[in-house]
Structures are given as structure tokens and as C-alpha cells.
Amino acid sequence: MGADLDADIEEVLIDQQALQRRVAALGEQITHDYAGRDLLLIGILKGAIMFMVDLARAIRLPLAIDFMAISSYGASTRSSGVVRILKDLDESVDGKDVLVVEDIIDTGLTLKYILRTLAVRRPASVKVCGLLLKQKARPVNIEVDYVGFVIPDRFVVGYGLDYAERYRNLPYIGVLKRERYISMEDGEAEGEPGPR
């Protein structure tokens with residue numbers, strides 16, 4: 001892969017200005033909805049980091065932040081179906097108003113696991129803010145309280161989302177060219193990356 005990340009993008013789905021406007025609007029809505037309450041944002045690493053930082057700055061309330069890292073992929077591009085916590089929260093959520101911040105909701109399986117895990121820890125409330133919601137049938141029913149954008153079922157990168165740990169630093173959401181799905185090590189096709 002060359003140094004020009006933009007050359008690997010087939011189409012820009014959501015440009016930088018649209019992202020900034022939508023994050024500001026979400027921040028305003030969350031500020032209104034949580035007025036008078038202390039809010040704990042839980043970012044799901046690594047993909048949600050860019051969105052989480054911008055969203056936190058757009059919320060005009062006292063808030064705390066924490067992070068979880070979840071894996072269902074291992075070293076593969078396809079989900080193994082086995083979800084595990086790689087990094088758990090540093091603080092207790094007991095009695096707190098929690099907002100889970102996700103980069104993209106695809107199948108919903110990982111998010112369902114996170115919500116089940118948090119529920120047994122007795123938070124006062126748990127809601128979900130997803131930057132991207134894929135337009136597709138999901139094997140599980142997930143309620144997303146705050147949605148940035150509904151997107152077609154295509155493999156996207158940028159603004160924190162990656163393929164093989166690349167493209168996170170693009171300032172927009174773009175569709176990755178199909179030829180970039182080729183294995184970077186052995187040149188064999190891996191197929192389209194699995195759900196996130």
C-alpha cells in the first residue's frame with residue numbers, strides 16, 4: 001500500500017464537515033437529554049476513539065469517560081463469533097448513567113454482549129450512541145438511542161474505523177476499494193472483511 005491513503009478509497013460517504021455538524025448536533029441532543037445528571041461515556045476501542053473525543057467535547061455537561069476493548073475477530077477479518085473483553089472498564093458503573101459510544105453497528109452481536117455485560121453491573125441507565133448504523137437485517141434486536149448516520153451495507157474506513165489497523169486517521173468515512181481486501185502479506189484474497 002502506498003503512502004496516499006485517499007487513493008485506496010472508492011467513494012467518500014460522509015465528508016469531514018458533515019461529520020462535524022452531526023457530532024455537534026448529537027452533543028447538543030445528549031446535553032439536553034442528560035441535563036442535571038452526571039454522565040459516563042464508555043468508548044468501545046479502538047474504532048470509536050475519534051468519534052468519542054469529538055462527541056465528549058460537544059457535550060456541555062460534567063462527564064467522565066472510560067473505555068472497553070472487545071474482540072470477536074482475533075487476527076482474522078471475519079468474526080469468530082466468540083466475543084471477549086480485551087480491556088475492561090477502570091471504574092464501576094454502579095448507579096451511573098452510562099452512554100455507550102460505538103463507531104459502527106453492523107450485526108449488533110458485539111454491542112449486545114457489551115450491553116449484557118454492563119447490565120449486571122447495575123448502572124442507573126444505559127443508552128447507546130452509534131456513529132454509523134448499517135442498513136441491513138440484524139440477527140439481534142438492538143436499540144440505538146442516538147444515531148449519527150444510517151449507511152448502506154458497505155465496508156467503510158476512516159474517522160477511527162480501520163482495515164488491518166490502517167485508515168483510522170482519515171478525516172472522513174469512505175468506502176475502501178475492493179482490491180485493498182487482498183492480503184498484504186501473501187497476496188491471497190481474503191474476501192470482504194466481516195461484520196463489526
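What comes next is a walk through the structure. Within any chain, residue numbers begin from 1 and follow the written order of that chain's sequence. Owing to the predicted nature of the model, reporting of local features is limited to residues with pLDDT of at least 70; listing and counting of side-chain atom pairs is limited to 80 or more, with chain, interface and lining totals taken over all residues. Side-chain figures throughout are based on the complete set of non-hydrogen atoms in the structure, without hydrogens or water.

Further remarks concern unusual backbone geometry. The omega angle of the peptide bond from Leu45 to Lys46 is -5°, so this bond is cis rather than trans. Helix and strand definitions follow DSSP, with helices as H or I runs of at least four residues and strands as E runs of at least two, each counted in order from the N terminus. Positionally, Lys46 belongs in the loop between strand E2 (39-45) and helix H2 (49-58). Although it is not a glycine, Arg122 sits at a positive phi angle of roughly 60°. For the exposure calls, accessible area comes from a 1.4 Å probe over protein chains only, and a residue counts as buried if that area is under 20% of its type's maximum, exposed if over 50%, partly exposed in between. A relative accessible area of 55% means that Arg122 is categorised as exposed. Phi at Tyr167 takes a positive value of approximately 80°, unusual for a residue other than glycine. Structurally, the position occupied by Tyr167 is in the loop between strand E8 (156-157) and strand E9 (173-176).

With that settled, consider the environment of Arg37. Counting through the fold element by element, Arg37 comes out in the loop between helix H1 (16-33) and E2. Each C-alpha atom, one on Arg37 and one on Leu63, is 8.9 Å from the other, the two residues being 26 residues apart in sequence. For this analysis, residues touch if any pair of their heavy atoms sits within 4.5 Å. Contact partners of Arg37, with chain neighbours within four places excluded, come to Pro62, Asp97 and Ser125. Within the structure, Arg37 has its side chain in polar contact with the backbone oxygen of Asp33 (distance 3.4 Å). Within 3.5 Å is the distance limit for a polar contact, defined as a pair of N or O atoms, with the added protein rule that one can donate a hydrogen and the other accept it, and that residues adjacent in sequence qualify only through two side-chain atoms.

For Phe, Tyr and Trp, where Trp contributes only its six-membered ring, two rings pair if their centres lie within 6.5 Å, and the inter-plane angle classes them as stacked under 30 degrees, edge-to-face over 60, or tilted in between. Considering all chains together, one arrives at one aromatic pair under this definition. Between Phe155 and Tyr163, the ring centres sit 6.0 Å apart and the planes meet at 85°, which makes this aromatic pair edge-to-face. The burial state of Phe155 is the same as that of Tyr163; both residues are buried.

Turning to the packing of H1 against H2, a few remarks are in order. The N-to-C vectors of H1 and H2 enclose an angle of 50°; their axes lie 8 Å apart at closest approach. Considered as vectors, H1 and H2 are oriented oblique to each other. Here H1 runs over H2; the crossing is right-handed. Across the interface between the two elements, Val23, Ala24, Leu26, Gly27, Glu28, Ile30 and Thr31 of H1 pack against Phe51, Asp54, Leu55 and Ala58 of H2. Under the grouping applied here, Gly and all other residues not named as nonpolar or charged are polar, the nonpolar ones being Ala, Val, Leu, Ile, Met, Phe, Trp, Tyr, Cys and Pro and the charged ones Asp, Glu, Lys and Arg. Looking at the contact of H1 with H2 residue by residue, the class counts come to seven nonpolar, two polar and two charged. Helix axes are fitted only over the stretch in contact, all axes being lines through C-alpha atoms; the angle between N-to-C directions runs from 0 to 180 degrees. Any angle that is under 35 degrees is reported as roughly parallel, and any over 145 degrees as roughly antiparallel; angles of 65 to 115 degrees are reported as roughly perpendicular and all others as oblique. Each crossing is labelled by how the near helix is turned from the far one, with a counterclockwise turn of less than a right angle marking it left-handed and a clockwise turn marking it right-handed.

Among the ten residues of strand E6 (residues 125-134), eight are classified as buried, and the element is accordingly described as predominantly covered. Crossovers are marked right-handed if the path from the first strand over the helix to the second runs clockwise, as seen with the strands pointing away from the viewer. For the crossover from strand E5 (residues 97-105) across helix H3 (residues 109-119) to E6, the handedness is right-handed. Should DSSP find at least two bridges between two strands, the strands are regarded as paired. Examined bridge by bridge, E6 and strand E7 (residues 146-151) share five bridges and lie parallel to one another. Within E7, the position partnered with Gly130 by the bridge is Val147.

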